[in-house]
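# Coordinate inspection notes
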Amino acid sequence: MLSLARSARQRHAQRVAYRAQRSFRAWVVDADKGKLKSREVKHFEHVRELPQPDPDATVTVDVKYSDLNYKDAMIFQGQHGVVRRFPLVPGIDCAGLVASSTSELWQRGDAVVLTGNKIGQHSDGGYSEQCRVQAEWLAPKPESLTLEESMIIGTAGFTAMQMVLELQDAGLQPGPAPVLVLGAAGGAGSMAVAILAQLGYKVVASSRRAESLSSYFQELGAFDVIGALERNPKPLQDQRWSAVLDCAGSPSLGTALAQLQYQGACACIGVAGAQHVEASLYPFVLRGIRLIGVDATLPWNVPGYPGDVATWRRDREKRLEIWRRLDELKLHQALRTMHEATIPLEELPQWCETQDTPLDHVFPGRSWRGTSVGV
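Residues numbered from 1 in each chain as written. Predicted model: local features only at pLDDT ≥ 70, side-chain atom pairs only at ≥ 80, totals over all residues. Heavy atoms only, no water.

### Some points on the sheet that holds strand β10 (residues 224-226)
Stated formally: Two strands pair if DSSP finds at least two bridges between them. Put simply, DSSP H or I for four residues or longer makes a helix, DSSP E for two residues or longer makes a strand, and each gets a number counted from the N terminus. In this analysis, axes come from line fits to C-alpha atoms, helices being fitted only over the stretch in contact, and the angle between any two N-to-C directions falls in the range 0 to 180 degrees. Here, two residues are considered to be in contact whenever any of their heavy atoms come within 4.5 Å of each other.
Pairing is parallel across the open sheet formed by six strands, whose spatial order is β10-β9-β8-β11-β12-β13. Of all the strands in the sheet, just β10 and β13 (290-293) have a single pairing partner and so form its edges. For this sheet the average axis-to-axis angle between neighbouring strands, irrespective of direction, equals 20°. The sheet contact formed by strand β12 (residues 260-268) and β13 spans four bridges and is parallel. Residue pairing for β13: C268 is matched across the bridge by G293. Where helix α4 (residues 187-198) meets the sheet, it contacts β8 (179-182), β9 (203-206) and β11 (241-246), and its direction lies at approximately 165° from that of β8. Most of the contacts of helix α5 (residues 210-220) go to β10, to which it runs at about 160°, and overall it touches β9 and β10.

### Quick notes on the packing of helix α3 (residues 147-169) against helix α8 (residues 309-329)
What counts, and what does not: An angle below 35 degrees is read as roughly parallel, one above 145 as roughly antiparallel, one from 65 to 115 as roughly perpendicular, and any other as oblique. Under the scheme applied, nonpolar residues are Ala, Val, Leu, Ile, Met, Phe, Trp, Tyr, Cys and Pro; charged residues are Asp, Glu, Lys and Arg; polar residues are all the others, including Gly.
In contact at an axis separation of 9 Å, α3 and α8 are set at 105° when each is read in the N-to-C sense. Taken together, α3 and α8 sit at an angle that is classed as roughly perpendicular. Here S150, I153, G157, F158, M161, Q162, L165, E166 and Q168 of α3 lie close against α8, whose contacting residues are K318, R319, I322, W323, R325, L326 and L329. Taken together, the residues of the contact of α3 with α8 break down into eight nonpolar, four polar and four charged.

### Section: the packing of aromatic side chains
To keep it simple, the criterion reads: Pairs were defined over the aromatic rings of Phe, Tyr and Trp, the Trp ring being its six-membered one, requiring ring centres within 6.5 Å. Orientation was assigned from the angle between planes: stacked under 30 degrees, edge-to-face over 60, tilted for the rest. For the exposure calls, accessible area comes from a 1.4 Å probe over protein chains only, and a residue counts as buried if that area is under 20% of its type's maximum, exposed if over 50%, partly exposed in between.
Scanning the model with the defined rule gives six aromatic pairs in all. A ring pair is formed by F76 and Y127, whose centres lie 5.9 Å apart and whose planes are at 55°; its orientation type is tilted. Here F76 is found in helix α2 (residues 70-76), whereas its partner Y127 is found in the loop between β5 (111-115) and β6 (130-133), with 51 residues between them in sequence. Just as F76 is buried, Y127 falls in that class too. For the ring pair W300 and W312, a centre distance of 5.5 Å and an interplane angle of 45° mean the geometry is tilted. Residue W300 is found in the loop between β13 and α8, and its partner W312 is found in helix α8; the two are separated by twelve residues along the sequence. Residues W300 and W312 agree in their burial class; the two are buried.

Coordinates in, geometry out; function isn't part of it.
Have a look at this one:
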């Protein structure tokens with residue numbers, strides 16, 4: 001009996017040790033009506049215990065890296081504008097290895113990246129050591145990039161590449177006239193400068209911090225660095241730019257549109273700097289310019305978005321193509337230049353301390369440009 005009792009205790013200890021080994025950490029944020037109630041690292045035994053699992057998920061990913069985006073900082077502060085409901089595991093991006101899959105698309109051990117599809121907003125996201133998602137949301141890790149480099153790119157770099165491809169589809173080609181990047185200091189803006197320069201475009205980086213960041217932009221390949229465009233109400237101005245990328249919702253967007261070349265185009269992704277555009281219709285009707293909104297969600301089976309499979313497949317192919325193009329560019333030097341820090345999971349809150357101030361001051365004394373999170 002004594003031997004049996006010891007054996008039972010040993011088996012129980014082994015089961016406890018196994019559970020402890022298999023448990024994982026995840027940030028859980030809870031808020032109500034825009035007020036933060038709690039945020040803490042919790043331990044879970046199974047990924048299905050997370051607060052908002054996606055009901056159609058088919059793949060479990062062992063997350064190795066995530067990153068830090070503007071939306072992530074908002075969610076960590078309990079702001080509800082980009083979240084369907086709380087509590088939630090934040091983190092709109094992640095990269096890691098497939099732990100299990102019931103889909104034929106992926107096998108255990110595959111290296112994958114995930115951006116978009118509202119993870120960390122509508123369902124549990126990447127600030128967890130395990131994440132369960134739909135197979136079609138994932139893309140293979142680009143061969144030329146590490147998992148960490150994929151997250152230095154993250155949603156910001158992915159969206160920058162998407163903007164460039166949209167402009168190329170609108171007719172943009174390298175030439176003597178420069179391409180203007182507004183809000184160049186942020187993650188998307190910095191990646192846009194690097195991508196355009198690598199593709200042979202003459203890039204002008206515009207930022208309110210032009211003086212202090214001039215050498216940084218030049219390292220990324222900028223031909224010229226200027227401050228923020230001054231607002232000019234004149235509806236038609238000198239045609240300076242072959243294309244414009246507005247990465248932050250620039251208050252000067254209307255001026256940039258008035259300076260676009262004939263049949264030029266502007267791609268816009270941001271609203272952090274401004275949510276409204278003061279612009280004239282004259283450049284649109286007399287010069288044939290275009291303003292292109294770019295959304296990197298590219299959803300597959302996400303509530304609130306188109307529900308037809310043909311649209312899902314089109315958007316998934318676009319996602320895979322964007323990562324293929326990023327892979328081809330071999331942006332290693334630019335990523336090293338951009339990389340702000342790799343921070344441990346536990347340090348996220350102190351990097352997300354925010355004030356009721358504009359974008360450039362969300363992280364006082366810091367930038368989330370190129371910030372990866374080691375999970």
